[in-house]
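Spelled out from the first residue to the last, the chains are:
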Amino acid sequence: MAESFPPDRFDEVPDLKRVGAHRAPAPKGRGWIAFLVAVVATLVLVGVGTFALFGLNDRIDFFGGSQSPSATPTPTPTPTEVAPSSTPRPASSS
């Protein structure tokens, strides 16, 4: 059978509202730090995604490559007069 020992310091456990022998109380504000890290990570990912989409759609020129073609004026054709030919036209058969 189990022997009975006199009570010692390990029998008197303080009420600390924590689990585990080596767990320290959580510091205050720890939840806000995790939330702030999540917000910053989200903003970085949205920014990178936005630039990637603009780059894929050729709206941003990352490397200073070719410029978009500028509008060049097209020459307007001028009408020229045609001299009458000296060969007679064939008669129509109507």
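Residue indices begin from 1 for each chain and proceed along its sequence in written order. Restriction of local features to residues with pLDDT of at least 70 applies here, the model being predicted, together with a cutoff of 80 or more for giving and counting side-chain atom pairs; totals for whole chains, interfaces and linings are based on all residues. For side-chain calculations, the full set of non-hydrogen atoms in the structure is used, while hydrogens and water are omitted.

In this analysis, rings of Phe, Tyr and Trp, with Trp reduced to its six-membered ring, are considered paired at centre separations within 6.5 Å, and the interplanar angle assigns stacked below 30 degrees, edge-to-face beyond 60, and tilted for intermediate values. A complete count under the given rule lists one aromatic pair for this structure. Relative to Phe35, the ring of Trp32 has its centre 6.1 Å away and its plane inclined at 90°; by these criteria the two rings are edge-to-face. Pair noted here: Trp32 and Phe35 are both in helix 1 (residues 30–56), with a separation of three residues, about one helical turn. A single burial state applies to Trp32 and to Phe35, both of which are exposed. Labels follow the DSSP assignment, with helices taken as runs of H or I lasting at least four residues and strands as runs of E lasting at least two, numbered in each case from the N terminus. Three labels apply to residues, based on accessible area from a 1.4 Å probe with only protein chains included: buried if under 20% of the type maximum, exposed if over 50%, partly exposed otherwise in between.

Next up on the list: a nonpolar patch on the surface. Taken together, the side chains of Trp32, Phe35, Val39 and Leu43 make up a nonpolar region of the molecular surface, amounting to roughly 480 Å² of accessible area. Along the chain, the position of Leu43 falls in helix 1. Each patch is built from residues lacking any salt bridge and having more than 30% relative accessible area; the joining distance is 9 Å for like charges and 5 Å for nonpolar side chains (Val, Leu, Ile, Met, Phe, Trp, Tyr). Note on areas: these come from Shrake-Rupley sampling with a 1.4 Å probe, and a residue is covered only by the protein chains present in the view. One speaks of a salt bridge when a side-chain nitrogen belonging to Lys or Arg is within 4 Å of a carboxyl oxygen belonging to Asp or Glu.

Bringing helix 1 into the picture now. Over its 27 residues, helix 1 extends 39 Å from the first C-alpha to the last, a length consistent with the 39 Å expected when each residue adds 1.5 Å. Looking one or two residues past helix 1, Asp58 carries a phi angle of roughly 60°, positive in sign. By definition here, a helix of n residues has an expected span of 1.5 Å times n minus one.

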